[in-house]
Amino acid sequence: MMEPLEVFRVESTDPEGAKKYEEVIRDVLTDLNLVRAIGRLRVYIDPKEPVFIVVGLFRPGLPTITLGDVADINSVNDGLMISVREEEYAATAVGKLYLRYGRDRIIATDRTSIIVPLQTDFAKQHDEISSIVVYDPKDELKKSVIDALIRIAPEGFRVRKHYISERLLAFIASEDPIKQEWTDVCRRIRSEIEQHEGDV
Amino acid sequence: MEPLIYQGGLYKHEQMIELIEDLGGYILQKNVLQLDVIVVMLVPNADLPLVEAKAKELLGKLTKAPLAGAEIAVVTPTLAYQHLPHLACDLAEYLRRAGSKTNMIGLARGVGKRVAQLKASEIDLINEHDAAVFTYGNFKECIKEKTKLFRDIEVPIVVTGGPTMTLAEVPGCVAYIGGLGRVMHRTRQKDELAILDQLVEATGKALDERRAELDKDPLSVSPPRVMHEIEKQIPDIPESLAPTPLTLQLNGLRIKVPYKEYKDRILDVKFDEGIYMREVAKLHPSRMKDYIILRIMPRSETGFII
């Protein structure tokens, strides 16, 4: 299990600036509640070029919320009655069910409960519906991570290149077109940070 | 005259104001905050004990205001969240507590290293102030490069930044204050506040040098007196809704009313000696809205001092 920010390093050709930048990054991550979401973070800054590179690994194990967690599913005359107990997920749940069954085949009894037609096997369909994801923290995480990266990077660095996946983020920013060397540095840091993961 | 800030209750504070006026001092700025009042004022040195006694009687507090009577620009690379609010606002607030009037200027293209530049209108606007504080970032390389922005600025510049640097490494400024840089939190640690004190001191020193420069060819009339006469003779100017409608500067005033409408009325203000404002001062349209910049002519131009 990764601890929050177990690896956090800012490398730079200007060590004094790197130390100050570490503070900036800590402040931004705290402000946006991202400290616990990011496991490792490596930053590379070369003010001479100038270029700003961030590579980070997300902490795994952020649970998603499925329809089974927030709704009761019962058999009724017309099919399966799904009543969402937690109202905040009702809209997403109804939307997802619309997509799956089609709008005309669904009976919405009220805002939080709907009836879908029974297909073949009740137990199978019950499990299917239960596993529909209604809330994925990763979506929100992605948004706040992008926000954080833009806040952290120097404002003048408007040329940006980024990559975000389920577990990794990489970001290069500069005021000049991105050079091949910088992408190489980014790759090196990425392999180092992943290497580190293998050691744990 | 000694610049002071009086902080006290609203009740009976008029007594303090009347005392200052009777002594021949000037009220530069008065802020009423609910039941509190903060007055920035100039007191004749000889009468300090009287004012101190009055402050004691009214249970108010007197503090020195080394930057009183100056308008200072706090310049940030832009107004985006990378640079605001924390550091820029803290700097401005700190300078304000020392008695100055501060204006925050966010540049249009001040960001980056190679791409940073100043617009002509920004240069003019900064030059309208008595001093400018530039807030720069964390890297030596970038601060050095960005000294190119100082080229056309004629007022003393104080630079704040992250790294420790000598003045020689930052050409074009009168003082460099390290240890700040880009800060994304409120500056409230003890060591951070000590740096802000340094900044106030450096700015004060820069203004003192500017005053000494002005003293070589003294102004025909002192700016507080001009301010006082305008307040008295054109009473609708102090009524203007702009913050501090009459802002004192070292060699003049910023008057926050429309230029065209008020130009002639201001030039017609008459001093007790029978001299008109048009004989001792020039008016220019300001770069800030359609305000007026008043510049007092030195003795070498008018041939007299009143």
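Analysis parameters
Residues numbered from 1 in each chain as written. Chains lettered and ligands numbered in written order. Predicted model: local features only at pLDDT ≥ 70, side-chain atom pairs only at ≥ 80, totals over all residues. Core = buried A, V, L, I, M, F, W, Y, C linked by C-beta atoms within 7 Å. Buried ≥ 20, exposed ≤ 12 C-beta atoms within 10 Å, placed from the backbone. Helix = DSSP H or I, 4+ residues; strand = E, 2+ residues; numbered from the N terminus. Contact = placed C-beta atoms within 7 Å. Domains from an automatic or database assignment. Nonpolar A, V, L, I, M, F, W, Y, C, P; charged D, E, K, R; others polar. Axes fitted to C-alpha atoms, helices over the stretch in contact; angles between N-to-C directions. Parallel < 35°, antiparallel > 145°, perpendicular 65-115°, else oblique. Pairing = 2+ DSSP bridges.

Visitor: Would you mind going over the nonpolar core with me for this structure?
Guide: One recurring pattern in soluble globular proteins: nonpolar side chains tend to sit buried together. Core analysis: the largest hydrophobic core is formed by 116 residues, its most contacted members being I53(A), M41(B) and V158(B). In terms of residues, this core owes the most to one element, strand β3 (residues 51–58) of chain A, which gives 7 residues. In contact with M41(B), not counting residues within four places along its chain, are L4(B), Y6(B), I20(B), G25(B), Y26(B), I27(B) and L28(B). Of all hydrophobic cores here, the second largest spans 13 residues; its members include A93(A), I114(A), I129(A) and V134(A).

Visitor: What am I meant to see in the domain arrangement of chain A here?
Guide: A common way to express how large an interface is: the accessible area buried when the components associate. Under the domain assignment used here, chain A contains domain 1 (7–62 + 137–199) and domain 2 (65–135). Distance from the C-alpha centre of domain 1 of chain A to the C-alpha centre of domain 2 of chain A: 40 Å.

Visitor: What's the story with the domain arrangement of chain B in this structure? I'm lost.
Guide: All names here are of chain B. Split by domain assignment, chain B resolves into domain 1 (2–64), domain 2 (71–215) and domain 3 (223–302). Measuring from the centre of the C-alpha atoms in domain 1 to the corresponding centre in domain 3 gives 24 Å. Counting residues at the interface gives 4 residues for domain 1 and 4 residues for domain 3. Looking at the side of domain 1 that touches domain 3, the element that brings in the most residues is strand β2 (residues 26–33), giving 3 residues. Each residue belonging to the side of domain 1 that touches domain 3 can be placed in one class, and the counts come to 3 nonpolar, 1 polar and no charged.

Visitor: Quick question: what am I supposed to make of the packing of helix α1 (residues 13–23) of chain B against helix α2 (residues 48–57) of chain B here?
Guide: All names here are of chain B. Relative orientation of the contacting elements α1 and α2 amounts to 170°, with a least axis distance of 10 Å. Taken together, the axes of α1 and α2 lie roughly antiparallel to each other. Here α1 contributes Q15, M16, L19, I20 and L23 to the contact with α2, which in turn contributes L50, V51, K54 and A55. The residue makeup of the contact of α1 with α2, split by class, is 7 nonpolar, 1 polar and 1 charged.

Visitor: Explanation requested: the sheet that holds strand β13 (residues 292–296) of chain B in the structure shown.
Guide: Residues and elements named next belong to chain B. Read from one edge to the other, the open sheet built from 4 strands follows the order β10-β11-β13-β12, with strand pairing classed as antiparallel. Sheet topology places β10 (246–249) and β12 (281–285) at the edges, where each strand pairs with a single neighbour. Direction aside, the axes of adjacent strands within the sheet are offset by 20° on average. Across the face of the sheet, helix α7 (residues 223–233) comes into contact with β10, β11 (252–255), β12 and β13 while running at roughly 165° to β10. Lying on the sheet, helix α8 (residues 259–267) is in contact with β11, β12 and β13; it crosses β12 at an angle near 180°.

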